[in-house]
Amino acid sequence: MGDLKETSKELKDLIQKMDDLPILPNIISKVMKIIDNPYSNADHLTELISMDQSLTVKTLKLANSAYYGFPREIVTVTEAVVVLGFLTVRNLILTSTLYNIFVNESQEEREFDRRKFWKHSVATAICARLLVSATAPGQKEEEEAFTLGILHDVGKVFMDTNYHSQFFEVMRESKKNKNEPAYAIERRILNTDHAEIGSMIIDKWNLPENFVEPIKFHHTPGLASDKYMTNVLHVADIISKFSAITYDASEINARLDREAMGTLKLQEENLRTVVQNLEYEMSNADLFLNS
Amino acid sequence: MDNKEEELLKRINSMESSLKEKMEYCRMLEEINSGLRKYLNEMTGVYRLLEAMNTVKSLEKIYDLLVDILGSTIELDACAIFLYDENGRDCRAVKEVDPEKLVKYKQIFNVDRAMYEWVFKKKHIAIVPKGTEGRDDPGLAFFQSKSFAIVPLFVNEKKVGYVDILINKPANTITQQELSLLTILLNQTTVVIENLRMYEQEKETVNKLRQIDEMKSDIMITTSHELRTPLTILKGSSKIIQIKMKEDMWNDDDKKLYAELIHNVNTQAEILEEITNTLLAATKFENGTLTLNKKVVNIKQMIESVIKKYTYKTKNVNLKFTYTDPNITAYVDDEEMKKVVRNILSNAFKYSEENGDVYIDLSADAKTFVVSVKDSGPGIPAEEKEKIFDKFYRMDRALTRRTGGMGFGLYLSKIITVQHGGTIWVESQVGRGATFYFRIPKEEGFGG
Ligand SMILES: [Fe+2]
Ligand SMILES: [Fe+2]
């Protein structure tokens, strides 16, 4: 988290402001606990979901959605959990809870468009999952990539809430100066960036430790030691920006890290398929977009 | 007194609570311990499988091992491992445990094609929910106590097969650990199975290559042998003609010799041509490019033209042609059919005694015609009957008399017959001659 002696006054303030961060909703820490326990079963998750009326409805909706494509109607939450699997359910709970905090409960119209932000997060999540499935398929890794996509820009929400005027300046600056990436402008004005803040939030929320690095280095994947997931997240972030699902025009200037592309062994045509699939999946992702 | 009692009571209370604490602590330890033991048990299973897979080189044993370890990891009731063939088309069971039960539950759980398609799309294990039908069924409680899992098997992007598993506990009580163990076990096994299959295929390829190599040298030997006789005769004949031309000594005797030499050249050239044609046809047949030029042919006339044109009969035999009907027609390749007749006749001539009889007969039924050629030769031993149509067959030298040009003719006849959808065979007893038969479909609607 950087050297504290060197830390600027602003960052110290920020760290203090961490107390102001929305605490992790109870339901997310509960679902994390269940997922962490290898001996948990569908009954445990069902119990948790059934306590929340809207989650119950969403779980059934997802299990029966065209997006998921299960060939049979699913009527009970238990069945839905069995079919969807533990990690998908975790992501559903995470997505729907964060949507409520980030989008629904956010105050009136602001310069930082929360809906566009959310759309970008969902697109990055879906894209990250597609990238894993194209390079090193595995249900666990695919769902983890999805979670990372949803969370990767969480630092921006914090900046918008707690450092509104500076963040507003960042956005203005970034619209003028399209060649400088937004995170560099953030560093200039706030002495930190949304990636670093994001990783601090993950830490504070006690989310899995392996989420920290990919989020911290999603703009500079070369610096990460956990290269694979960081590269996936980086590429997914850029693709979802390029694919017109962007919420911040200035970030279009960001370029794909060539090394990241190389390490993922992604060919031009793989990338094209991923973009096509992303477009298709986004058109079917209402459940995540308007939860 | 009061104080003491109070203190004692206090101490007893605190002892009791600390005891309770300790008991609670022990209970937790016990729980952790049993959890660890369970985990260790499962991991031992995985380890055992992985270890064994490094040493076991037989697919059958891997399947057995997998089922064995599945049984110790989950509450396995029945299962079946299905694998695709190399082309990814046919899928067949390579190992089954209680398949009847599996089929029964497949129906109960309504596991259909769509379900498998979904599983292959998702590329991960799926537990099939019991479905909406039969919810009010009184037998529901019974089948609810089991669950049906499908595990697709992939190596990289390649679909290798799938495993159906009937688990002896309801779907909602299957733990994450059990699911991930199933996934790990099957992923690892799939890699091993795929490697072993590739290894076996490679072995097969090496064997095939070796066979081709042997066949090649066979071709070399046989061909050079076949070619040597006619070439020697040709060379010798032309040498003599050359010498005679130089010496310019052409008297009546020389004229007789000249005629014989020319006859030799003709005969041997024809034999050479036959060998070349046969090799060519065989190659075309083997790589699937032999095409027939079919038309409606009068079979009796076709046979007669062969008999008439028969040029290289070198000895005197009595040939008798009989037929049940002079108007038998068939939709065949005229030239190719003639080759069959010529080859069989030439074979009969070769093995017949001087002045022996050769009978050729033509008959037909509604759908096919049959030609038979009976000779008065030494006959063919039973164990040779199948082999004489082989590519490089040579009968025992003791039984062959004049062997010039023999070896390919019958193979070519077989190729042509098969290409026409027909069969060729021989009936014989040693010492009593041999009868060759071939039966060809007339092809309904075109003739006969
Ligand atoms: Fe970002
Ligand atoms: Fe982003």
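Treat the numbers as computed from the prediction; the structure is a model and nothing was measured. (Residues numbered from 1 in each chain as written. Chains lettered and ligands numbered in written order. Predicted model: local features only at pLDDT ≥ 70, side-chain atom pairs only at ≥ 80, totals over all residues. Heavy atoms only, no water.)

Asker: Please clarify how a negative patch on the surface should be interpreted in this entry.
Answerer: Taken together, the side chains of B:Asp2, B:Glu5, B:Glu6 and B:Glu7 make up a negatively charged region of the molecular surface. Relative to the elements of secondary structure, B:Glu6 occurs in helix α1 (residues 2-55). (Patch = residues over 30% accessible without salt bridge, like charges linked within 9 Å, V, L, I, M, F, W, Y side chains within 5 Å. Areas by Shrake-Rupley, 256 points an atom, 1.4 Å probe, with all protein chains shown as cover. Salt bridge = Lys/Arg side-chain N within 4 Å of Asp/Glu carboxyl O. Lys, Arg positive; Asp, Glu negative; His and termini not counted. Charge placed at Lys NZ, Arg CZ, Asp CG, Glu CD. Helix = DSSP H or I, 4+ residues; strand = E, 2+ residues; numbered from the N terminus.)

Asker: Where do I start with the coordination of the iron ion (ligand 2) in this structure?
Answerer: Note on metal sites: the ideal angle is 109.5 degrees for four tetrahedral donors, and 90 or 180 degrees for six octahedral donors. All names here are of chain A. Note on the iron ion (ligand 2): its protein donors are His 120 (NE2), His 152 (NE2), Asp 153 (OD) and Asp 237 (OD). The metal-donor distances range over 2.2 to 2.4 Å. Coordination at the iron ion (ligand 2) is irregular: its four donor atoms span angles of 76 to 167 degrees at the metal. Going along the chain, you hit the donors of the iron ion (ligand 2) in the pattern H-x31-H-D-x83-D. Taken as a pair, the iron ion (ligand 2) and the iron ion (ligand 1) lie 3.2 Å from each other and share Asp 153 as a ligand. Within this pair, whereas His 120 is found in helix α7 (residues 114-135), its partner His 152 is found in the loop between α8 (139-151) and α9 (154-162), the two being separated by 32 residues in sequence. Looking at His 120, the relative accessible area reads 0%, which means it is buried. (Donors = N, O, S within 2.8 Å, 3.2 Å for Na, K, Ca; no water. Tetrahedral: all angles 85-135°; square planar, octahedral: opposite > 155°, others 65-115°. Buried < 20%, exposed > 50% of the residue type's maximum accessible area, 1.4 Å probe, protein only.)

Asker: Which parts of the structure should I look at to understand the confidence of the model for chain B?
Answerer: Atom-level detail of predicted coordinates should not be read off regions where pLDDT is low. Residues and elements named next belong to chain B. Per-residue pLDDT for chain B has a mean of 78; in total, 79% of the residues score no lower than 70. Here residues 444-448 is modelled with pLDDT under 50, and outside its nearest four sequence neighbours on either side it reaches seven contacts, counting other chains as well. Among the prediction metrics, the complex's ipTM stands at 0.77, with pTM recorded as 0.60. (pLDDT = per-residue confidence, 0-100. Contact = heavy atoms within 4.5 Å.)

Asker: Help me out: how do you make sense of the coordination of the iron ion (ligand 1) in this one?
Answerer: Residues and elements named next belong to chain A. Donor atoms from the polypeptide that bind the iron ion (ligand 1) are Asp 153 (OD), His 194 (NE2), His 218 (NE2) and His 219 (NE2), placed at 2.2 to 2.4 Å. Here the iron ion (ligand 1) is ringed by four donor atoms whose angles at the metal span 78 to 161 degrees, and the overall shape comes out irregular. Positions of the donor residues of the iron ion (ligand 1) along the chain correspond to the pattern D-x40-H-x23-H-H.

Asker: Where do I start with helix α10 (residues 409-419) of chain B in this structure?
Answerer: The α-helix advances 3.6 residues per turn, and as a result positions three or four apart in sequence lie on the same side. All names here are of chain B. Of all 11 residues in α10, eight are buried; the element is thus mostly enclosed. Regarding α10, the residues found buried are Gly 409, Leu 410, Tyr 411, Leu 412, Ser 413, Ile 415, Ile 416 and Thr 417. Gly 421 occupies a position one or two residues after α10 and carries a positive phi of about 80 degrees.

Asker: When you look at the sheet that holds strand β1 (residues 76-84) of chain B in this model, what are you seeing that I'm missing?
Answerer: Working definition: the strands of a sheet are paired by backbone hydrogen bonds and lie parallel or antiparallel to each other. Residue and element names in this part refer to chain B. What the five strands build is an open sheet, ordered β2-β1-β5-β4-β3; its pairing is antiparallel. Looking at which strands have only one partner, the edges of the open sheet turn out to be β2 (91-97) and β3 (126-128). Looking at each pair of strands side by side, their axes are set apart by 20 degrees on average, direction ignored. The sheet contact formed by strand β4 (residues 147-155) and strand β5 (residues 158-167) spans nine bridges and is antiparallel. Within the sheet, the bridge partner assigned to Val 151 lies in β5 and is Val 163. Across the sheet, helix α4 (residues 113-122) lies against β1, β3, β4 and β5, angled at about 45 degrees from β4, the strand it touches most. (Pairing = 2+ DSSP bridges. Axes fitted to C-alpha atoms, helices over the stretch in contact; angles between N-to-C directions.)

Asker: How should the sheet that holds strand β10 (residues 368-374) of chain B be read in this particular structure?
Answerer: Residues and elements named next belong to chain B. Taken together, five strands build an open sheet; the order of strands is β7-β9-β10-β12-β11 and the sheet is mixed. The sheet terminates laterally at β7 (318-323) and β11 (423-428), the two strands that pair on one side only. Neighbour-to-neighbour, the strand axes of this sheet turn through a mean angle of 15 degrees, independent of strand direction. By the bridge criterion, six bridges tie β7 to strand β9 (residues 357-364) in an arrangement that is parallel.

Asker: Sorry if this is basic, but what is going on with the environment of B:Lys338 here?
Answerer: With respect to the secondary-structure elements, B:Lys338 resides in helix α9 (residues 334-351). The residues touching B:Lys338, leaving out its near neighbours within four places in the chain, are B:Met302, B:Ser305 and B:Val306.

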